[in-house]
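Tertiary structure, described
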Number of protein chains: 2
Amino acid sequence: MPIQHIEALRGEQKKGKEQIELAEGSELAAWGAAANLTIVGQPHARLEGADKVTGRARYASDIRLPDQLYGRILHSPHPHARIRRIDTRAASALPGVHAVISSADDLDITFYKEECPLFATTLRFVGDEVAAVAAESEEIAEDALCLIDVAYEPLPFVTDLAAAIEPDVATVHNGSNVLEPKRYERGDLAAGLAAADVVIDQIYTTQTAIHNSLETHGCTARWEGEQLTLWESTQGIFQVREDVAEKLKLPEHRVRVIKQHMGGGFGAKQVVWKPSIMAALLAKRTGRPVQLMLDRRGESLAAGNRNGTQQRVRLGAKRDGTLTAIAVEAHMAIGAYQVGGEASNVVGIYERLYRCPNVRTEQAQVYTNTGPSVAFRAPGYVEGTFGLESAMDELARTLGMDPLDLRLHNYTESDQKKEQPYTLPEALRLCYGRATEAFDWKNVYQTATRAEPVEARGAQAQTKRRGIGIAAHEWGGGGGHPPGYAWVKFNSDGSVDVVTGAQDIGTGARTGLAQVAAEELGLPLDQINLHLGDTATGPYAPTSAGSATQATLGPAIRTAAANARQQLLEAAALVLEEAPERLRVHDGKVFVQGDPDNAVSVAEVTGRMAPQMIQGQGARGPNPQDKTVRTFGVQCVEVEVDMETGEVTLLRVVAAHDCGRIINPTMVDSQIIGGITQGIGFALTEERVIDEASGIVLNPNLEEYKVPTVADIPPITHARVGQPDVAANNTGAKGIGEPPLVPTAPAIANAIFDATGIRMRHAPLSRRRLVERLATQKLKAQQNGGAA
Amino acid sequence: MPIQHIEALRGEQKKGKEQIELAEGSELAAWGAAANLTIVGQPHARLEGADKVTGRARYASDIRLPDQLYGRILHSPHPHARIRRIDTRAASALPGVHAVISSADDLDITFYKEECPLFATTLRFVGDEVAAVAAESEEIAEDALCLIDVAYEPLPFVTDLAAAIEPDVATVHNGSNVLEPKRYERGDLAAGLAAADVVIDQIYTTQTAIHNSLETHGCTARWEGEQLTLWESTQGIFQVREDVAEKLKLPEHRVRVIKQHMGGGFGAKQVVWKPSIMAALLAKRTGRPVQLMLDRRGESLAAGNRNGTQQRVRLGAKRDGTLTAIAVEAHMAIGAYQVGGEASNVVGIYERLYRCPNVRTEQAQVYTNTGPSVAFRAPGYVEGTFGLESAMDELARTLGMDPLDLRLHNYTESDQKKEQPYTLPEALRLCYGRATEAFDWKNVYQTATRAEPVEARGAQAQTKRRGIGIAAHEWGGGGGHPPGYAWVKFNSDGSVDVVTGAQDIGTGARTGLAQVAAEELGLPLDQINLHLGDTATGPYAPTSAGSATQATLGPAIRTAAANARQQLLEAAALVLEEAPERLRVHDGKVFVQGDPDNAVSVAEVTGRMAPQMIQGQGARGPNPQDKTVRTFGVQCVEVEVDMETGEVTLLRVVAAHDCGRIINPTMVDSQIIGGITQGIGFALTEERVIDEASGIVLNPNLEEYKVPTVADIPPITHARVGQPDVAANNTGAKGIGEPPLVPTAPAIANAIFDATGIRMRHAPLSRRRLVERLATQKLKAQQNGGAA
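A brief look at the structure comes next. What you see is a predicted model; the values in this text were computed from it and never measured.

A few points about the sheet that holds strand β26 (residues 595-601) of chain A
Residues and elements named next belong to chain A. Strand order in the open sheet formed by three strands is β24-β25-β26, and the pairing between neighbours is antiparallel. Because the sheet does not close on itself, it has two edges, and the strands there are β24 (583-586) and β26. Neighbour-to-neighbour, the strand axes of this sheet turn through a mean angle of 35°, independent of strand direction. One ladder, built from four bridges, connects strand β25 (residues 589-592) with β26; its direction is antiparallel. In the sheet register, Phe591 faces β26, and the bridge partner there is Ala599. Contacts from helix α19 (residues 549-576) reach β24, β25 and β26, with the element oriented near 115° to β24.

Overview of a nonpolar patch on the surface
On the surface, Ile673, Val710 and Ile713 of chain A cluster together into a nonpolar patch covering about 270 Å² of accessible area. Here Val710 of chain A shows up in the loop between β31 (696-697) and β32 (716-718).

What about the pairing of strand β20 (residues 464-475) of chain B?
All names here are of chain B. The buried fraction of β20 is high, at ten of twelve residues. Across twelve bridges, the pairing between β20 and strand β28 (residues 631-642) is antiparallel. From the neighbouring strand, Ala471 faces β28, where its bridge partner is Gln635.

A closer look at the pairing of strand β7 (residues 129-135) of chain A
Residues and elements named next belong to chain A. In terms of burial, β7 is a largely internal element, seven of the seven residues being buried. One ladder, built from six bridges, connects strand β1 (residues 69-75) with β7; its direction is antiparallel. Its bridge partner lying in β7, Gly71 is registered against Ala134. Direction of pairing for strand β3 (residues 97-102) relative to β7: antiparallel, over a ladder of five bridges.

Considering the relation of the copies chain A and chain B
Overlaying chain A with chain B gives an RMSD of 0.0 Å, the required rotation being 180° about an axis along which the chain moves by 0.0 Å. With respect to symmetry, the two chain copies, as superposed, fit the operation of a two-fold axis. The position closest to the rotation axis in chain A is occupied by the C-alpha of Thr537 of chain A, lying 3.0 Å away. Take the interface residues of chain A: 100% of them recur as interface residues in chain B, which is what a same-surface contact looks like.

Topic: the packing of aromatic side chains
Under the criterion given, the structure shown has 18 aromatic pairs over all chains. Ring centres 3.7 Å apart and planes at 15° place the aromatic pair Trp487 of chain A and Trp487 of chain B in the stacked group. Placement of the pair is Trp487 of chain A in strand β21 (residues 485-490) and Trp487 of chain B in strand β21 (residues 485-490), with the two residues belonging to separate chains. Both residues of the pair, Trp487 of chain A and Trp487 of chain B, count as buried. Pairwise contacts between aromatic rings join Phe111, Tyr112, Phe125 and Tyr337 of chain A into one cluster. Above the plane of the ring of Trp223 of chain A lies Lys284 of chain A, whose end atom (NZ or CZ) is 4.1 Å from the centre.

Things to note about the pattern of salt bridges
Residues and elements named next belong to chain A. One pass over the full model with this rule turns up 103 salt bridges over all chains. In this structure, Glu644 and Lys778 form a salt bridge, with 3.2 Å as the shortest nitrogen-oxygen distance. Remark: Lys778 occurs in helix α23 (residues 767-787) and Glu644 occurs in the loop between β28 (631-642) and β29 (648-658); sequence separation between them is 134 residues. Residue Lys778 is classed as partly exposed on the basis of its relative accessible area of 41%. We note a salt bridge from Asp725 to Lys734, for which the minimum N-O separation is 2.7 Å. By sharing partners, the salt bridges in this structure join Asp393, Glu394, Arg397, Asp754, Arg759 and Arg761 into a single network.

Side note on helix α12 (residues 381-399) of chain B
With 19 residues, α12 of chain B extends 26 Å from end C-alpha to end C-alpha; this agrees with the ideal 27 Å at 1.5 Å per step. A positive backbone phi angle near 70° is found at Gly400 of chain B, which sits one or two residues after α12 of chain B.

Things to note about the interface of chain A and chain B
Each partner contributes residues to the interface: chain A has 78 residues there, and chain B has 78 residues. Summed over both sides, the interface of chain A with chain B buries roughly 6800 Å², with 50% coming from carbon and sulfur. The partner of Glu224 of chain A in a salt bridge is Arg58 of chain B, and the shortest N-O contact between them spans 2.7 Å. Counting across the interface, chain A meets chain B through 31 residue pairs in polar contact (both at pLDDT 80 or more). In terms of residue count, the dominant contributor to the side of chain A that touches chain B is helix α1 (residues 6-21) of chain A (twelve residues). By residue class, the composition of the side of chain A that touches chain B is 31 nonpolar, 20 polar and 27 charged.

The rules behind these values
- Residues numbered from 1 in each chain as written.
- Chains lettered and ligands numbered in written order.
- Predicted model: local features only at pLDDT ≥ 70, side-chain atom pairs only at ≥ 80, totals over all residues.
- Heavy atoms only, no water.
- Pairing = 2+ DSSP bridges.
- Helix = DSSP H or I, 4+ residues; strand = E, 2+ residues; numbered from the N terminus.
- Axes fitted to C-alpha atoms, helices over the stretch in contact; angles between N-to-C directions.
- Contact = heavy atoms within 4.5 Å.
- Patch = residues over 30% accessible without salt bridge, like charges linked within 9 Å, V, L, I, M, F, W, Y side chains within 5 Å.
- Areas by Shrake-Rupley, 256 points an atom, 1.4 Å probe, with all protein chains shown as cover.
- Salt bridge = Lys/Arg side-chain N within 4 Å of Asp/Glu carboxyl O.
- Buried < 20%, exposed > 50% of the residue type's maximum accessible area, 1.4 Å probe, protein only.
- Least-squares fit on C-alpha atoms with pLDDT ≥ 70 in both.
- Phe/Tyr/Trp six-rings, centres within 6.5 Å; stacked < 30°, edge-to-face > 60°.
- Lys NZ or Arg CZ within 6 Å of the ring centre and 35° of its normal.
- Expected span 1.5 Å × (residues − 1).
- Buried area = accessible area lost by both parts, 1.4 Å probe.
- Polar contact = N/O pair within 3.5 Å; in protein donor to acceptor, adjacent residues only side chain to side chain.
- Nonpolar A, V, L, I, M, F, W, Y, C, P; charged D, E, K, R; others polar.

Don't take any of this as a statement about function, it's just geometry.
Here it is in structure tokens:
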């Protein structure tokens, strides 16, 4: 049978395909550091900025269709329960209610990797979906939820990660709560530890955090016959199309997913969630469009979170700081279900950040009766870097080394897992240099007080102490997720429409991608209109995750633009009576090289050609196979700690991140500031709190779940790097969406230690925890003082 | 200066461009008569049919946007007047009114070829636009119109074509009402007339007819910053974009025009009309979306019409029927302005339909103080064919020849204007054969009574008489208006999205184009989703006029599909371990030729490739240069005339039309039936009636303007021809949108003559006119009888 060997052929097949698709793309030389660019690299305001600040931009919840109904979901009040009986008759009878669906309906749709029914009769977390209602208004739908009569049989449950690992605990599904671990090893860990002069062996934990995008999950669903359109708040229109088509057993071309603007996703909107399927079902049943957006409580409970972790970390080092061993065993509280999407790789940072021959990592997912986790901006790396970079700081303090020196001492220019160099081996070194220079790390660190033993400094009885911390990271995202495609259309007046199936999830992708098109086409930016966010009309682009959009679509758009530009030059050559090779296009004009007066406007050329239309197409070729594309970053922070109250004030943050060429400095600055802000929340205040006795989430809202406000944001300096990564892709640019959040928390923890002598190993480094530690420290100091 | 010689280079430049764009298209062999097609040629119901009959399909007037306002226009009550004063304060002050614009505003926008202001202070027809209002509802907007205070100074006017030609009449603009005529001549007309044995010399006139699309003109305009989106009821989204961009001084990429469904255009929606610009201005001024649809009165008065004509026709022929001379002098009442768009060519039919060495034609446009005319389904040819084919019938009767024989005797296989053959020289002969065979023309015509002299038969004193008539036509539309472009995207489950910038104006283009894609791709039709009607995301396609859409985009889509199919086969080749050349795709499967068991489904191949996406692109190459693409048709009708009341009952119509290959018989049948129905209206009842004393249109509605109802439609037989025109394009198909309407009126006139002996030379052949002629005939008969 010819189909059986496909798996074996996959590699060859892909290669074959790329040769078909990507011949043009591969011929385009990358923009190097010396490239004379006039639009790329400039700080343009985001193109849709005015729409957003004036309220014109329409998000998923702004969609209003004739006859639109509104959906609401009944969530389980129990962390684990069986539905004995459900009666929706009273809800259905409420005037204004048009449909109620629940486990009483015979829906052949399963969800999650566990393949549970869309409406299960066993509920596994507070927030698990019980029923959904469509009504004339959100208020009526809410009222209807109260009329749904459900008899629950509570079951034993476990919500805490540490507890869930124990034997004889309540199980979330049949079988153990702990899933088969993922393991990696190189070298000989035992030998490495044995060879070490110093070993750090500590446990670090990180909390469950909620994404809390300003815009909740949800969509508006409309059927036109067998054609379904979803206006969905999503990071991946094509992924949603594929998922919805599969769940509703429709061919993909009958599902259209549209998303123009988004109020944040941060990883939680990579996959299709139950509400979208429910909206589609309610719309089908009522014959009317249904908008189903989660409220804030539903968003907090049932739309993903950053999994809590527990990491046992061991570092072995020689006295000069040379790492001999790195080991980590991580457990991740994934909640009640495996959602899918980008995997959370807690141990990845341990495997690559430092040069070390003996490395062993292990991570195991653990079920708990809590809302399922999902990727959250740099999934796994935020958690893992907290552990590794805290431990590295502990190692440095133990060795009496400047933490910066320890890091540079263990610098690696290559990907030790793949045994090949990075595309930009000096990238992290550039980050260290730029960040510490801008921070004046060496001077601040080497002041007299800081040269003293830290424990002694920590024991000083002052009300406020200052300290500094540093952390680095590397990250697999940012290199792009090929393939990705784009079309470039010249209009008859010389203006250009660019079409791609990508999405701008709020990062400024529209602007950065338009800049690439404008640069390659030699047109002013305002002559470009970039269209994205529609599966029906746009060519394929991947999910906006892994900081991928600019690095995936930028090169595709550049290729398409180059293809269109070549056609333009060939047409202009007939007008100017010159060989196309001698022509250049810049600032809307085609001119003869060396003879700038001999020129014709682009509009003149396209106008003479009309109605013939120049159209370029471009594909994003594969990433290099013999080198590894990664992104890197370093952050330095200074804190002031109130030794009485435990209040931590961030005085300043300096960040240097490698994202290859900077396409738009304003956008990158925005990402840095936004990411660090989110990192500050992760470090200090954000935590989902569960009452262990009842399993109830105590803060599913924005009042009691503490995200940073503008008052919490310190001065942030972005020490730009901007070295083009010409081996990565033809624009030399990589993504910067996720990284800025990664090193913030360990840098803060290290600074708190520097200030107080207290090592905070459990995120968030909350005021409650710190004040307890300060009180203990004070008590010990008094006892020591008393003993002295 | 290099730009000055562009005009001279235009031909060369276009050729250069086509080589760039169309290399693939030109290599694709046309589907010949022997091609084994399974989807093309089948009678599929239109894909959007269910949406339309269930009310789901959203037309321009169905658009509902948040905060949408509604616009209304104040039309001039005078045929010619000057605005002395206009005061819009009371209207503006009406609660719910958000903006009023008029000539009091300083708008730098001109309209029509005469470049008159958008709101002129000199009004030139009843219906000319005076002001526009945007309000919370259509009702409030209507009320506001009543509050606009205008002081008009009436001016002398002329509304009648014959009067407008006379000297010393009121002039519509400065200068003569009669514009410079367009002339054509071949051979020597005087010699041709001198050589004739018989000369027909008559004047024929045709009325002004209103398109009366079910859906009126209009749009919904929304601004988002500097970006304008128009949901417009239009035949040409790209044309509207270009026009709007020019008038509002925007680059084209800032204007997006969307149209998904349309309730008829018939030529009147080829260009942008004033209401669309007004909607955009009102939306800009109010900061809210504005929907401005014309009401039926506005539609009748100010949205175009078929120009009335007056044609002096001379035919010279030898006794055997050989034509020696054809001459026509036509005047066309174009109304008050030249709108643009497809030209109405009244004399074209005289220049090509019959073989004749000596031809002279002349047509002059004439201004009248009436609503401007615009293209109307086969513009000019409906009017011209009425004249020519009536005159040919007169000639046949005079010569005592069967009118069919006279036509066949003067058959031409070549384009006498361009002196080159038609791509399908036998096309018209096939039409004559199929139509007359299905009608049984020879038998019916040669019955004993019909062999008698017609005047004698016409004098028979019976209450009801039956007669038959025939008319033929040729038409320049249907060959397509290249260029046109399409993209074909394979989804990961093997389904396909096709994207083109075309529009389906109600003809079934969606379905016919999807059939071409499905056929070439080897997929079932339900695996194809065709997207059109959006300038932002679709590649360029021309205006849907000249029966062009299927013949322009079909070949482009076929080329794009072939391009995608080739990529599919190359990928499948890796799976099946076969050379791509040996693979075929059919019914959703790729199989090895000669080994049907060795197969893989398309979905399997695309699924294994995902996320890589197969995308094909295609362009419609130019029409052949050494042959002329035309379409042809013949209709035979039988009527019954009540000799007392003048009531004409159509007993049956048989139509045979050349549209090359028939892509979808159901769609073509629909076009034939719809076109003939419109032809019957033109022939018998439809006429704009103006009170000559006041210049007021008396029937700007659907009550007093008589379009045929379902009760007026006779049995219509479509005698399909369906001979592929392989020299025209790679699908062998041509358009059929306009032709069916062309020969209907003269065929009816000829049948009325056959029944009654009365030659009706003035359309419409209304009951009033016929009963007057019957009364005169009766009187003469009585007088003759008395004299006998």
